[in-house]
Amino acid sequence: MTNDHRTALINGLLDLATFLETHPDVPVPFSVTVHHFPDRTSDPDQCNEIDQIAALVGSDIDYEDSPYGHYAISRLFGPVEYRAVAILTAARARHDAETSYRGCIQPDPTPAT
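Basis of the calculations
Residues numbered from 1 in each chain as written. Predicted model: local features only at pLDDT ≥ 70, side-chain atom pairs only at ≥ 80, totals over all residues. Heavy atoms only, no water. Pairing = 2+ DSSP bridges. Helix = DSSP H or I, 4+ residues; strand = E, 2+ residues; numbered from the N terminus. Buried < 20%, exposed > 50% of the residue type's maximum accessible area, 1.4 Å probe, protein only.

Novice: Please clarify how the pairing of strand 3 (residues 80-87) should be interpreted in this entry.
Specialist: The two faces of a sheet get side chains in turn, since along a regular strand they alternate between them. Judged from the five bridges that link them, strand 1 (residues 32-36) and strand 3 form a sheet pairing that is parallel. When the sheet's bridge partners are listed, H36 is paired in strand 3 with A84. Here eight bridges tie strand 2 (residues 70-77) to strand 3, and the two strands are oriented antiparallel to one another. Within strand 3, the position partnered with A72 by the bridge is V85. What sits between strand 2 and strand 3 in their antiparallel hairpin is a turn of two residues, with G78 showing a positive phi close to 65°.

Novice: Sorry, what's going on with the environment of D15 here?
Specialist: Here D15 shows up in helix 1 (residues 3-22). You can call D15 exposed: its relative accessible area is 53%. Taking the C-alpha atoms as reference points, D15 and D25, separated by 10 residues in sequence, lie 17 Å from one another.

All quantities given are derived from atomic positions and should not be read as evidence of function.
Listed below in structure tokens is the structure:
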């Protein structure tokens, strides 16, 4: 992420906070998660990036995501979460296989009698 993108994101978050603070009638969610996904480089490179982020934010790897093939960390700021997630090759392949028929199967529009 370039400094321009970083500055734009930070300014957007600050603008959102100011807007919500000055418009108390606007509903807000109970929580917000800001995600960072490494570029789809090799699995070891993605994991290395997540490990580096974990050290920067003071977090450990979240092994609850491991069954899904994700290598992730998170840091909470009250109800706001910063989460960095590497979706590894096997997980992407499994997702692609599971969704490969999406849109190809149409239900029979006539109800069964």
